[in-house]
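# An overview of the molecular structure
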Amino acid sequence: MSTEPAPGRRRTLTSLLLALVLAIALVGTLGATGQARLVPDPIPGEPLALVEGIPGPETGPPCPLDKRYLDEPPTGLREDVAQAWQRLRAKAAEAKVQLCVNDGKRSVGQQEREFAEAVRRFGTAALASRYVLTPEKSMHVKGIAVDIQPLASAAWVERNGRALGWCRRYQNEEWHFEYDQNHVTAGCPALLPSATGS
């Protein structure tokens, strides 16, 4: 007598196993944050990219130009943003300008820690939000923002980055730049006073 399951039962077992594998993968993505969301890639026809749960580097080597800052690898940035960053860095190198990434991609958990630290430092969530956004609003979590140091390098990007899709976004953060291919043709949006928009 055969112990092999019937074909219908085999398909059911395979479906259950696939569902279990997907559930385990989702739990792994959730990690300690309890959140996992699909972030749409702006390129039509391309697959969605799950980037919010991907952590960025916590640290990196010191920036050779100013050791008060880091030069993190651009790990975890959305793929098109990572490519745009490499183009920007190459263009800067042609002009003999070095760009250090003091902060790039953050996961939801990393952003929550950054926000909590800002609340401790500034005293209230409202004041903290002028410099650090909550995870659901952060472009670092979406993998499309980098903080460039030192300030002379950031100033070069502000003057030259738009041609490659990079724009400074906040008046109170000379180092914060966000990527959008539309900036190349439409230009940079008007600077917001701070991350809260006021």
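In this text the structure is predicted, and so the values were computed from the model without any measurement. (Residues numbered from 1 in each chain as written. Predicted model: local features only at pLDDT ≥ 70, side-chain atom pairs only at ≥ 80, totals over all residues. Heavy atoms only, no water.)

## Overview of the nonpolar core
So the rule is basically this: Throughout, nonpolar core names a set of buried Ala, Val, Leu, Ile, Met, Phe, Trp, Tyr and Cys residues whose side chains join them through atoms within 4.5 Å. Throughout this description, buried means an accessible area under 20% of the type-specific maximum (1.4 Å probe, protein chains only), exposed means over 50%, and partly exposed covers the range between. Where helices and strands are cited, they refer to DSSP runs of H or I of at least four residues and of E of at least two residues respectively, numbered from the N terminus. Note on contacts: a residue pair is in contact if any heavy atoms of the two residues lie within 4.5 Å.
In terms of nonpolar packing, the biggest core is built from 20 residues, with Trp85, Leu88, Leu99, Ile148, Val157 and Trp166 touching the most fellow members. Tallying contributions element by element places helix H2 (residues 79-94) first for this core, with five residues. When residues no more than four places from it in sequence are discounted, the contact partners of isoleucine 148 are Trp85, Leu88, Leu99, Cys100, Ser153, Ala154, Val157, Trp175 and Phe177.

## Observations concerning the pattern of salt bridges
Between side chains of opposite charge, a pair can form when the charged atoms approach closely. Selection rule: Every case where a carboxyl oxygen of Asp or Glu lies within 4 Å of a side-chain nitrogen of Lys or Arg is listed as a salt bridge.
Going through the model one piece at a time under the given rule, you end up with nine salt bridges. Arginine 168 serves as the salt-bridge partner of glutamate 158, at 3.1 Å between the closest nitrogen and oxygen. Residue glutamate 158 is found in helix H5 (residues 151-160), and its partner arginine 168 is found in strand S5 (residues 166-170); the two are separated by 10 residues along the sequence. The exposure class assigned to glutamate 158 is partly exposed, which follows from its relative accessible area of 39%. Several salt bridges share partner residues, and in doing so they unite Asp103, Arg106 and Asp147 into one network.

## As for the side chain of glutamine 111
Within the secondary structure, glutamine 111 sits in helix H3 (residues 108-122). With residues up to four places along the chain from it excluded, the contact list for glutamine 111 reads Arg106, Val132, Leu133, Thr134, Pro135, Ser138, His140 and Val141.

Take it as geometry only, folks, not as evidence of what the structure does.
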